[in-house]
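One letter stands for each residue in the lines below.
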Amino acid sequence: MPGIQCSYGDVTRVDVPIPFFLRESAFLDFDNENYSWEADEDITVLVKCSKRPAPKTSPRDDLDASEASNIGGCPLECPFDPNENFEGTNKPIGPPPVFHGLDFSMVQYEAMDLPTCRGLVKKIYEGDEITVHSLCLDQVSGKLAYTTPIYVACDGSPNAKDLVMIGFHDEKFLELRMMGPYKRQSTQLNLDLFLAYHQHLPNVNPVSVTRQVHAVYEKLHGEHVSQGKVFMEFLWNDPKSLFEPPPTDSASAKLAIQPRPGDANPYLQKLWEEIAGLEKLLDMWDSTKASEADKTNLSCSILGSESEVALEMHNLLSLQAGPAWRKGCAEYSDSMDDALQKVATVDRHDVDFVDRVWNILRNTASWDDLIECFHVMFKAVEGKMYRPYLLPSNQSLLSELLKGVMTNQITNYRAKLSPSLVVEVALDCGLHKLYKDYAFILGTCHLIEPRDAKAFLPQRRLYKESLQCIKKLHCIMEVLCLSRERLSLAMTEQEIQTRKLLEYFAKNPLNWDKTFHFDIPMNTISPILTGLHPVYWNLKLESSTALRVARTNAVLARDFFIGHAKKFYVTADGTMPRGYYLYVHRVAQRKM
C-alpha cells in the first residue's frame, strides 16, 4: 500500500478506499437499488515512514558480508537453527476477511505516539501552511474543508492502547478505538454501555438518541463445498439487546452473493473447464492468424496417423445422425440439477451435430488435432457417407460450412480451410454450444424467456467479446446455484435474481470480485438464521441535528480491521485470538 510522493518530516500520507466498517452507506443506502459494498470514496491516512533497514535483495551482498566477517578464519555460522521446525511458517493468521480493513505494511510504515498524532491533527486543522503543503492536502475552500476524511494512525502509546486513529473531516473530529477480542456472551459488552459512552460526546441529548443496527450473517456450505460466499444482511431500528436477531416484523433484508468461477457445484466446474478450453483456442487463433503456418491449407497438413480425437470423431460418425428430440417437445423443470445434468451429459432436447462435435474438439491440444478431426468429418460428409443433423436455428460457422459441403457449394474443403480458420471454426462451435447450454438451463427452469438471452448470442469474428458474454452467463449460473443450494430459494425469488443479473450485465463488464445484492422478503430467510451468529454487527447511535453532529458506531466483527494494531493481539504462534473485536468510531462536531 504505497504512500504518495509527499512527506512532512518522516510522516507521509496514504490514500485508500474507505473501509466498510467506517462507512455510512449501509445505513443511508440500504434500500437503494444500487446499494453496494464497494467503496465510493477514499480516506487519507497519515503514517510514519519506517526507519528500519530494507532487507537485502542481492545474494552476493549476503555472501560478501559473510566473507568479510570470517576473514580471520572464524567458522561460518548457520544462518538458521538446524533444529528449527519450519512447519506452519506460513501459517495464515485467519480465514479471509468478510470486509477488508486498514492493513498497512509494517515494513514501510509505522503508527505514531498519541502526542505526535494530536500535534499533527492540530496543525492540519488550523491550516498550518508548511504541513498542509508538504502533505499535499489540498483544501476545497477555507482552512477546514478537505476533500476526504483525514486520519492519523496511532500506536496507542503512551497510555491509550485502544486508541488506533484520530482525525477530522469538515469540522467533525474523528476517533477510532479498538478492543477485544470478546466472546459473544461477554458480560463486558452491553447496549447500555455503548449508550453511556455515546453520551460523553458533546451536544448529546440522551432523550433524542436514535439506534440502528446493520448486521451481516454468513450461510456456509451446502451440499457442495465451494469458495463462493453467501451472506444475509439486515437493517432495523431500536435494538433491545446486543447481538439480538433481526426482528421478522420490522427488519429489511438483502442477500449478498460473491460467486467464484467453476465453483458452486461439479456441473458448473465442467462448464468452466469448457470456457478455459475456449480461452486456449482464442489464444491459438490469435497466434495462427499471424504465423507462417496460416499460409498452408488442409490439403498439405494431413497427419500420417490418426490421433485420439480423430478416433472419437470416427465414433461420432458411426452413430445415427437423426435428432435427439421431437418437434415441439420443449422441456421444463423446477429442478436446476436436472437441467445441469442434461447439459453436462450433452442430453439437451435441442442437441445437434455441432454440439456433439464440440464435445470432441474441447479435448484437442493443438491445431494439428483440429485439422485431423475436420479432415475426418468433412471427408465423410463430402463422400455422402454421413449426413449430419443440423438445427435450422444453428448459426455457427461449422453449420454453415457443413451445409456448404452437403449442397456442393463448397467442392474443395481442403483448399478452403486454413489453420486459422480451422481454429476459428472450433472456437465458434464452442461458443454457440455453451450459449445454448446456459439458455437451456435458464429457460428450462422458467427463469428467462428465449428472447432474454439473445443479447449474449455469440457474434462472428467478435470472439473475445462473445467469450465475455458466455462468462457473464456462467456468472449468473454461479450466483443462482449458490443461493439455491444454501438458502433453498423458490424459483420465483431466483427469477427476480436472474432479471437483475441480466440487467446488470447488459450494462457492465464481468468482474469476479463483484458482490451481488438482492432484496429478499424477511419471512423468506428468517428461518435460516436459526443457530447462526453474525460475522458483523454495527450499532449506530446518533444525536445529530442540522447544526451539530454526534455519532457513535460500535462495530463487533470477527475480522481484524486495523493492521498496525496487530502487535497488541497476535499470539506467539503468529495467529490472532478468535472472538469478536470491538471497533468504536466516534464523530463529534467539536474537539473531544
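Nothing here was measured: the structure is a model prediction, and the numbers come from that model.

Novice: Can you walk me through helix H8 (residues 336-344) in this structure?
Specialist: One turn of an α-helix holds 3.6 residues; hence residues three or four places apart share an orientation. Considered for burial, the residues of H8 that qualify are Met336, Ala339, Leu340 and Val343. For H8, the arc enclosing every buried residue in end-on projection is 100 degrees, short of the 170-degree limit, so these residues lie on one face. Count one or two residues on from H8 and you reach Val346, which has phi positive near 50 degrees.

Novice: Quick question: what am I supposed to make of the side chain of Arg551 here?
Specialist: Mapped onto the fold, Arg551 is located in strand S13 (residues 550-557). Within polar-contact distance, the side chain of Arg551 engages the side chain of Glu24 at 3.4 Å. Those residues in contact with Arg551 that lie beyond four places of it in its chain are Glu24, His198, Leu201, Lys540, Leu541, Glu542, His585, Arg586 and Val587.

Novice: What's the story with the nonpolar core in this structure? I'm lost.
Specialist: One broad rule of soluble globular proteins: the nonpolar side chains tend to lie buried together. Ranked by internal contacts, the top residues of the largest apolar core, which has 122 residues, are Phe378, Leu398 and Met477. Per element, the largest residue contribution to this core is 14 residues, and it comes from helix H13 (residues 419-444). Setting aside anything within four residues of it in sequence, one finds Phe378 in contact with Leu398, Leu401, Leu402, Val405, Tyr413 and Leu417. Of all hydrophobic cores here, the second largest spans 44 residues; its members include Ile18, Trp37, Val164 and Leu235.

Novice: So what exactly am I meant to see when it comes to the pattern of salt bridges here?
Specialist: Side chains carrying opposite charge are able to pair once their charged atoms draw close together. A complete count under the given rule lists 26 salt bridges for this structure. For Glu175, the salt bridge identified is with Arg177, shortest N-O distance 3.2 Å. Residue Glu175 shares its accessibility class with Arg177, and that shared class is buried. The shortest N-O distance in the salt bridge between Glu274 and Lys433 comes to 3.3 Å. Taken together, the residues Glu274 in helix H6 (residues 266-290) and Lys433 in helix H13 connect sequence positions 159 residues apart. In this pair, the class of Glu274 matches that of Lys433, namely buried. The network of salt bridges with common partners includes Glu274, Arg348, Asp350, Asp352, Asp355, Arg362, Lys433, Lys436 and Asp437.

Novice: So what exactly am I meant to see when it comes to empty space enclosed by the protein here?
Specialist: Regions of empty space are outlined by a rolling probe, equal in size to a water molecule, passed over the atoms. With the rule as written, the count across this model stands at 1 cavity of 30 Å³ or more. Estimated volume of the largest cavity: approximately 30 Å³. Residue assignment for the lining of the largest cavity shows that the elements contributing at least two residues are helix H11 (397-406) and helix H12 (413-416). Residue classes in the lining of the largest cavity are distributed as 6 nonpolar, no polar and 1 charged.

Novice: Before we go on, may I ask you to explain unusual backbone geometry in this structure?
Specialist: Negative phi values dominate among residues other than glycine, just as trans dominates among peptide bonds. Here the bond from Gly180 into Pro181 is cis, since omega is 0 degrees, no more than 30 degrees from zero. Tracing the backbone through its elements, the reader meets Pro181 in strand S7 (residues 172-182). One non-glycine residue with positive phi stands out, namely Glu171, at about 70 degrees. Relative to the helices and strands, Glu171 resides in the loop between strand S6 (163-169) and S7.

Parameters and conventions
Residues numbered from 1 in each chain as written. Predicted model: local features only at pLDDT ≥ 70, side-chain atom pairs only at ≥ 80, totals over all residues. Heavy atoms only, no water. Buried < 20%, exposed > 50% of the residue type's maximum accessible area, 1.4 Å probe, protein only. Helix = DSSP H or I, 4+ residues; strand = E, 2+ residues; numbered from the N terminus. Arc of directions from axis to C-beta. Polar contact = N/O pair within 3.5 Å; in protein donor to acceptor, adjacent residues only side chain to side chain. Contact = heavy atoms within 4.5 Å. Core = buried A, V, L, I, M, F, W, Y, C linked by side-chain atoms within 4.5 Å. Salt bridge = Lys/Arg side-chain N within 4 Å of Asp/Glu carboxyl O. 1 Å grid on protein atoms, 1.4 Å probe; cavity = no way out; pocket = protein on both sides within 12 Å on 5 of 7 lines; lining within 4 Å. Points joined across faces, edges and corners; volume = space filled by probe spheres on them. Nonpolar A, V, L, I, M, F, W, Y, C, P; charged D, E, K, R; others polar.

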